[in-house]
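# Topology and contacts: notes
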Amino acid sequence: MNVPFIDLKAQHHQIRDEVRAALDEVMETSGFAGGEKVRQFEQAFAQHVGRKHCIACSSGTAALHLALMALGVRLGDEVIVPDNTFIATAEAVSHCGAVPVFADIDGRDYCIDAGRIAAAVTARTKAVIPVHLYGQSAEMDDILAVARQHGLKVIEDCAQSHAAEYKGRKTGTFGDAAAFSFYPTKNLGAYGGGGAVLVDDDTEARTIHMLREHGSARKHHHEMVGYNYRMDGFQGAVLGVKLKYLAAWTERRRQLALAYRNALEGLPLVLQPPKPHVHHVYHLYVVQVRDRDTVMSRLAEQGVATGIHYPVPLHLTPAYVGLGGRKGQFPVTESCADELLSLPIYPELTEDMVDYVAQCLRKALCSG
Ligand SMILES: *Cc1c(COP(=O)(O)O)cnc(C)c1O
């Protein structure tokens, strides 16, 4: 059997006709840059998340950058980010001229540890970016309490947490702003780049709109130096179609995660314990194993593709090691970088495939 890490083609085949019709509309109306399909998606997504404003843009990285700019992060400020995340979380901070300050994660949910945020605060700290990593919400009550105590803005990085919930409320509704990515492999993925910023404040929303379009709210009137961060009309059209399926696709991911949990019982590996107050959407299904790289290549030999999220902690990655990071500084993230393995999970995966992956993993772990 062959189990790919993701299968975007299988998903496209389910919705091909609807997507083609929506793309046709874009072509017939020439709504290529922004346009009606993007506006419709913005409305639908704001309603889905439960926030007043949704501003669609070109990527998740752009969304984080726009959110930080609108909340006033500037040259010389510090922004606390988890050490275990995709580099874009930190890059957006750097794009503002600010400095990302890394904090270790909690080994139970692999998200930023609220206690470590407090320890990283200085007089320059302006904001914190909790990341709802792998599809599971960070501990928002604790994080918001620390942020309030130190007067920090909170930007949620929801690139991996579409439709995830914390204590019955969707991720993306807790912070001052939320940034989503619609990169093709995310739980809600475009057919190219895409992202969105969600806020409730009208003034912030207006600033984000302007920053997205060359600092302008109307043609040839530039109130500030902005960016070209628009979403393509085609992406708005695809996302409008796919949003209707998100709930069903999410439910399927959760079923498959349960199937994995049952199939992997008793194996010498660590599974993320489910948090009862969190609705996990399983962007990734991660397991913690000893001798990860050997296990990974044994699985590859059996036709099972896996991934590593993330192999190098941000404080040790070449782009950021200049900030003074050293080995041993963030032990939880460092051991995750050595031991976490992401198994295939996507709505089109079958139960047979889950069983096969579990069987191969059993062999890989138990054959010395
Ligand atoms: C994918 C991702 C991003 C960046 O999104 P892009 O759309 O690729 O720019 C940011 N943060 C996290 C946690 C991500 O997984």
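Heads up: the structure comes first, above all this text.
Residues numbered from 1 in each chain as written. Predicted model: local features only at pLDDT ≥ 70, side-chain atom pairs only at ≥ 80, totals over all residues. Heavy atoms only, no water.

## Quick look at the packing of aromatic side chains
To be explicit about the condition: Ring pairs shown here join Phe, Tyr and Trp side chains whose ring centres sit within 6.5 Å, with only the six-membered ring taken for Trp; geometry is labelled stacked below 30 degrees between planes, edge-to-face above 60, and tilted in between. Numbered from the N terminus, helices here are DSSP runs of H or I no shorter than four residues, and strands are runs of E no shorter than two. To sort residues, take the accessible area from a 1.4 Å probe on protein chains only and compare it with the maximum for the residue type: under 20% means buried, over 50% means exposed, and anything in between is partly exposed. Each ring is checked for a lysine NZ or an arginine CZ that lies within 6 Å of its centre and within 35 degrees of its normal; such an atom marks a charge sitting over the ring.
As enumerated under the stated definition, the model contains 13 aromatic pairs in all. With centroids separated by 6.3 Å and ring planes inclined at 40 degrees, the aromatic side chains of phenylalanine 86 and tyrosine 310 adopt a geometry described as tilted. You can see phenylalanine 86 sitting in the loop between β2 (78-82) and α4 (88-95) and its partner tyrosine 310 sitting in the loop between α10 (292-301) and α11 (331-339), a full 224 residues away along the chain. Overall, tyrosine 310 belongs to the buried group, its relative accessible area being 13%. A network of ring pairs unites the aromatic residues Phe41, Phe45, Phe180 and Phe182 as a single cluster. For the cation-ring pair, arginine 169 lies above phenylalanine 174, with the distance from its terminal atom to the ring centre recorded as 4.2 Å.

## Overview of the site of the ligand
Counted only if it meets this: When at least one non-hydrogen atom of a residue lies within 4 Å of a molecule or strand, that residue is treated as near it. Side-chain atoms alone can form a polar contact between residues adjacent in sequence; in general such a contact is a pair of N or O atoms within 3.5 Å, and within protein one must be able to donate a hydrogen while the other accepts it. To be clear on the numbers: accessible area is Shrake-Rupley with a 1.4 Å probe, and residue cover counts the displayed protein chains and nothing else. Each residue gets one of three labels, nonpolar for Ala, Val, Leu, Ile, Met, Phe, Trp, Tyr, Cys and Pro, charged for Asp, Glu, Lys and Arg, and polar for the others, Gly among them.
The local shell around the ligand holds 15 residues, among which Gly60, Thr61, Gln160, Ser181 and Lys186 are the closest. The separation between an oxygen atom of the ligand and a polar side-chain atom of serine 181 is 2.7 Å. One of the side-chain N or O atoms of lysine 186 is found 2.7 Å from an oxygen atom in the ligand. Protein chains bury 92% of the 380 Å² of accessible surface belonging to the ligand in isolation. Split into classes, the residues belonging to the shell around the ligand amount to five nonpolar, eight polar and two charged.

## Notes on the sheet that holds strand β14 (residues 285-288)
Counted only if it meets this: One requirement defines pairing of two strands: DSSP has to find at least two bridges between them. The contact criterion used is simple: two residues touch if any of their non-hydrogen atoms lie within 4.5 Å. Axis definition: a line fit to C-alpha positions, over the contact stretch in the case of helices; interaxial angles, taken between N-to-C directions, run 0 to 180 degrees.
In spatial order, the strands read β12-β14-β15; together these three strands make up an open sheet with antiparallel pairing. Every other strand in the sheet has two partners, leaving β12 (270-271) and β15 (340-343) as the edge strands with one partner each. Note that β14 and β15 share four bridges and pair antiparallel. When the bridges of β15 are listed, valine 287 appears paired with leucine 341. Against the sheet, α11 makes contact with β14 and β15, and its axis sits at roughly 50 degrees relative to β15, the strand it touches most.

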